[in-house]
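Breakdown of the fold
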Amino acid sequence: MEKTRNEILYKFYRIVGYDYLFYTVISFLFLTQAKGLTVSQVMYTSSIYAFALAICQIPASYIVEKLGLRKTLIIGNFFWIVHCLITIFAKDFIVFALIEPICALGTSLKGLTETQILYATLKKTNNRKDFAKIEGSGVAAYYFVEAISCIFIGTIFEINNYIPIIMTLSVLIISFVTSIFELLLFIAGFCIYAINGTVWAFATDIGGRVFSGTSAGCLNFCAYMGASSQAIIYGFILDAGGWNILFMSISFFCMIIAIFAIMSNNNSMVSYEGHNI
C-alpha cells in the first residue's frame, strides 16, 4: 500500500521535532556560562517548567478539541521557536523563569498531537499495525542523532557558546516548516530569491570602484558553479525522499548560510579602498 505524506515525513519530523536537538546536551552549560545564571536559578527554571507542564495539560486538551490536531501541532512548534529565540537573547533570570511556561505549553500541545496524527493517518490507510514500528523508529533515530551530536557539540560550544542553540533554533524551524509546509512555500520562495540583489551589491562594495567588475565576476563564477552542481545533489535528494524532503533540505542549507553570516566578523572585511564593509 502506498504511504501517505505523513508516514513518509514522520521519521524525519521525529528527528528534528522530538526534543531540543543539540541544545539539550549543553543547556546547563549555556545557562550558567553564557547567560550567567547560578546553579540554583537553573534548578528553579527546571522546577517551573515541570510545574507548568502539569498545569498545561488541561488547556492543551481544550486547544486540541477546538482547533484540531494539525493546527495545534503548528502552535506547539511555534511556541518552542519563541522559547528558543527568547533564550538566545534573554539576560535576566526573571525572563528565563517567565518563558518556561511557554515551552511547557508547546511541549503539551506537541505531546497530545504528534502520535495522534500518525495514528489517524495509519487508520485512514488501514495500516494501524505499523504504528509502533514507525513511532519507535522515529524516536530511535532522534536518540541516535542526539548521541552522535554529543561527540562534537561540546567542541562547538567551546568555539562559540551560541552556535549549538542557533543550530537548535534551525532544527526547530525545520520542524515547524514540516508541520505547515504548504503555507510557507510562498514565503520560502521569497526568502530564497530576495537576497540576489543585495549579494551582487555586496560584491561591488568589496571590490570598490577599481575591482567591482572582478568581484562581481568571482561571485558569478561561484554562483554558476553551485548552480551546475545543485542539479545533481538535489536530484539525488528528490529521488531518495520526494519533494517535501527536497524543499526542507533547501531550507536547511539556507539556515546554514544564515548561521555563517551571523558568525562572520564584519570588521575583518575591508574593501580595496580601505573602507570597512
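Look up a bit, the structure's there.
This section reports on the structure supplied with the text.

Conventions adopted
Residues numbered from 1 in each chain as written. Predicted model: local features only at pLDDT ≥ 70, side-chain atom pairs only at ≥ 80, totals over all residues. Heavy atoms only, no water. Axes fitted to C-alpha atoms, helices over the stretch in contact; angles between N-to-C directions. Helix = DSSP H or I, 4+ residues; strand = E, 2+ residues; numbered from the N terminus. Left-handed = near helix turned anticlockwise from the far one by under 90°. Contact = heavy atoms within 4.5 Å. Nonpolar A, V, L, I, M, F, W, Y, C, P; charged D, E, K, R; others polar. Parallel < 35°, antiparallel > 145°, perpendicular 65-115°, else oblique. Expected span 1.5 Å × (residues − 1). Buried < 20%, exposed > 50% of the residue type's maximum accessible area, 1.4 Å probe, protein only. Salt bridge = Lys/Arg side-chain N within 4 Å of Asp/Glu carboxyl O. 1 Å grid on protein atoms, 1.4 Å probe; cavity = no way out; pocket = protein on both sides within 12 Å on 5 of 7 lines; lining within 4 Å. Points joined across faces, edges and corners; volume = space filled by probe spheres on them.

1. Description of the packing of helix H3 (residues 39-55) against helix H6 (residues 93-124)
- Viewed as axis vectors pointing N to C, H3 and H6 meet at an angle of 35°, and their least axial separation amounts to 8 Å. Relative to H6, the crossing made by H3 is right-handed. Contacts between H3 and H6 pair Gln41, Tyr44, Thr45, Ile48, Tyr49, Ala52 and Leu53 from the former with Phe93, Phe96, Ala97, Glu100, Pro101, Cys103, Ala104, Thr107 and Ser108 from the latter.
- Taken together, the residues that form the contact of H3 with H6 break down as 11 nonpolar, four polar and one charged.

2. Description of the packing of helix H4 (residues 57-67) against H6
- Where H4 contacts H6, the axes come no closer than 9 Å and their chain directions differ by 50°. It follows that H4 is oblique to H6 by the angle criterion. Viewed along their axes, H4 and H6 form a crossing whose handedness is right-handed. Together, Gln57, Ala60, Ser61, Ile63 and Val64 of H4 and Ser108, Leu109, Leu112 and Thr113 of H6 make up the contact between the two elements.
- When the residues that make up the contact of H4 with H6 are grouped by side-chain class, the tally is five nonpolar, four polar and no charged.

3. A word on helix H5 (residues 69-89)
- Its 21 residues give H5 an end-to-end C-alpha distance of 31 Å, which sits within 8% of 30 Å, the value for a rise of 1.5 Å per residue.
- For H5, every residue scored as buried is listed here: Thr72, Leu73, Ile74, Gly76, Asn77, Trp80, Ile81, His83, Cys84, Thr87 and Ile88.

4. Regarding the pattern of salt bridges
- Under the criterion given, the structure shown has four salt bridges.
- Put simply, Glu135 and Arg14 hold a salt bridge, and the shortest N to O gap is 2.8 Å. Placement of the pair is Glu135 in helix H7 (residues 131-159) and Arg14 in helix H1 (residues 5-17), with a sequence separation of 121 residues. Residue Glu135 shares its accessibility class with Arg14, and that shared class is buried.
- Residues Lys110 and Glu114 are paired through a salt bridge, measuring 2.7 Å at the closest nitrogen-oxygen approach. Of the two residues, Lys110 and Glu114 are both situated in helix H6; the distance of four residues between them amounts to about one turn of the helix.
- Of the residues examined, Lys110 reaches a relative accessible area of 2% and is grouped as buried.
- Overall, the relative accessible area of 7% leaves Glu114 in the buried class.
- Each of Arg14, Lys110, Glu114 and Glu135 takes part in salt bridges that share partners, so that together they form one network.

5. Describing unusual backbone geometry
- Residue Phe22 is not a glycine yet carries a positive backbone phi of 80°.
- Its location among the elements puts Phe22 in the loop between H1 and helix H2 (23-34).

6. Re the layout of surface pockets
- Taken as a whole, the second largest pocket encloses approximately 510 Å³ of empty space.
- Around the second largest pocket, the lining is made up of 25 residues, and of these Tyr23, Tyr49, His83, Glu100 and Cys103 lie nearest the centre.
- Elements supplying a minimum of two residues to the lining of the second largest pocket: H1, H2, H3, H5 and H6.
- Considering each element in turn, the lining of the second largest pocket owes the most residues, eight residues, to H6.
- When grouped by side-chain class, the residues that make up the lining of the second largest pocket number 11 nonpolar, nine polar and five charged.

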